[in-house]
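Examining the three-dimensional arrangement
These are the residues of each chain, in order.
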Amino acid sequence: MTAVPAVKGQMGNIEYYQCTMSSKDLVARTQSAKEYFKEVEWDEMGPSGRMQREVSDRYLKDIAPYLLRTKDRFFNSIVVLIDRDLCRFKPLNDYAVPYEGKSIKVSDLVSFDREEEIKRLGFLEMKDKGQMLILDGQHRMRALRAVVSPGEAERKKLKKVLDDNGEGHLADTDNGVLDDLLSVIFVTLKDRTA
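Here goes a summary of the coordinates provided. None of the values given here were measured: they were computed from a predicted structure. (Residues numbered from 1 in each chain as written. Predicted model: local features only at pLDDT ≥ 70, side-chain atom pairs only at ≥ 80, totals over all residues. Heavy atoms only, no water.)

**Observations concerning the pairing of strand β7 (residues 102–105)**
As paired strands, strand β6 (residues 96–99) and β7 are joined by 4 bridges and run antiparallel to one another. Residue pairing across strands places Val97 opposite Ile104, the latter belonging to β7. From the end of β6 to the start of β7, which pair antiparallel, there are 2 residues, and Glu100 there has a positive phi angle of about 50°. (Pairing = 2+ DSSP bridges. Helix = DSSP H or I, 4+ residues; strand = E, 2+ residues; numbered from the N terminus.)

**Considerations on helix α7 (residues 152–164)**
Because an α-helix completes one turn every 3.6 residues, residues spaced three or four positions apart along the sequence face the same direction. Between the first and last C-alpha of α7 there are 18 Å, a value that for 13 residues agrees with the 18 Å anticipated at 1.5 Å per step. Within α7, the full set of buried residues consists of Glu154, Leu158, Val161 and Leu162. Burial along α7 is one-sided: seen end-on, the buried residues are contained in an arc of 95°. Turned more than 90 degrees off the buried face of α7, the exposed positions are Glu152, Ala153, Lys156, Lys160 and Asp164. Looking at the packing, one finds that the buried side of α7 touches α4 (58–69) and α6 (138–148). Gly166 sits one or two positions beyond α7 and adopts a positive phi of about 75°. (Expected span 1.5 Å × (residues − 1). Buried < 20%, exposed > 50% of the residue type's maximum accessible area, 1.4 Å probe, protein only. Arc of directions from axis to C-beta. Contact = heavy atoms within 4.5 Å.)

**Here's the deal with the packing of aromatic side chains**
This structure, assessed with the given rule, holds 2 aromatic pairs. An angle of 75° between the planes, with centres 6.1 Å apart, marks the rings of Tyr95 and Phe123 as edge-to-face. Of the two residues, Tyr95 is situated in the loop between β5 (87–91) and β6 and Phe123 in strand β8 (residues 121–126); the sequence distance between them amounts to 28 residues. Its relative accessible area of 31% is what places Phe123 among the partly exposed residues. (Phe/Tyr/Trp six-rings, centres within 6.5 Å; stacked < 30°, edge-to-face > 60°.)

**Side note on the pattern of salt bridges**
Applying the stated criterion across every chain yields a total of 11 salt bridges. The salt bridge involving Asp180 is made with Arg73; its shortest N-O contact spans 2.7 Å. In this pair, Asp180 sits in the loop between α7 and β10 (181–188) while Arg73 sits in the loop between α4 and β4 (78–82), placing the two residues 107 residues apart along the sequence. The burial state of Asp180 is the same as that of Arg73; both residues are buried. Ionic pairing is found between Lys159 and Asp163, a salt bridge with its closest N-O pair at 2.9 Å. Highlighted residues: Lys159 and Asp163, both in helix α7, separated by 4 residues, approximately one helical turn. Owing to a relative accessible area of 33%, Lys159 belongs among the partly exposed residues under this scheme. Owing to a relative accessible area of 41%, Asp163 belongs among the partly exposed residues under this scheme. Residues joined by salt bridges that share partners form a network here, namely Asp113, Arg114 and Glu117. (Salt bridge = Lys/Arg side-chain N within 4 Å of Asp/Glu carboxyl O.)

Structure (C-alpha cells):
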C-alpha cells in the first residue's frame, strides 16, 4: 500500500486528487495507453478512438536530456487514471491528535471558516495491484523511466542521443531525478476507457 499527500477536488462528476509522488514510485506504477491496453484493444480503437497518440522519440531527444542537464527542472502535472476500488482518500479530519492531554480531531484545531477545507486535505491510499493508466504526460513519463529505471535497450538509446549531443557524461548519473517529487493528478472514472 502506498499513501501520498492529497488535496481532493471535484469537477462536474469527476473526482480527482492533486498529489505529489516520487518519480521512482510513479514510474513503477504507471503505463502509457499502448502499454496499458492489450494489443487487440489498441488496434480495435483505431487512431481516432485512442485517447493518446503513440509515443515519439521526443522523450529521448528533448525531455530526458533536459532532466539530466539541469537541477532547475520543472514540468506540469502528470494525469493518471486510478481505479476507485484500489484507492481510498483519508482526510486529515479523520485523524486524531494529542492536544492538551486529550485526543481531538484535526478539524478542531482549525478555525470555523476552515472546517470544510480541512476535509479536502489528507492522504490518498493506493493498493499495489496492477498498473495505472497515464491520461496526460506519457512522453514525460517515458523520459522519467529512461532516466530512473531504464532497461538495457532504453539505456543504450539514451546514451546514443547524449553522445550525439556531446553530453555522454550525463548518462553517468540520474541528476537527482530519482528523488524528485512530481505533481500528479489522480482521476477516478467509472471505467478504464474514460
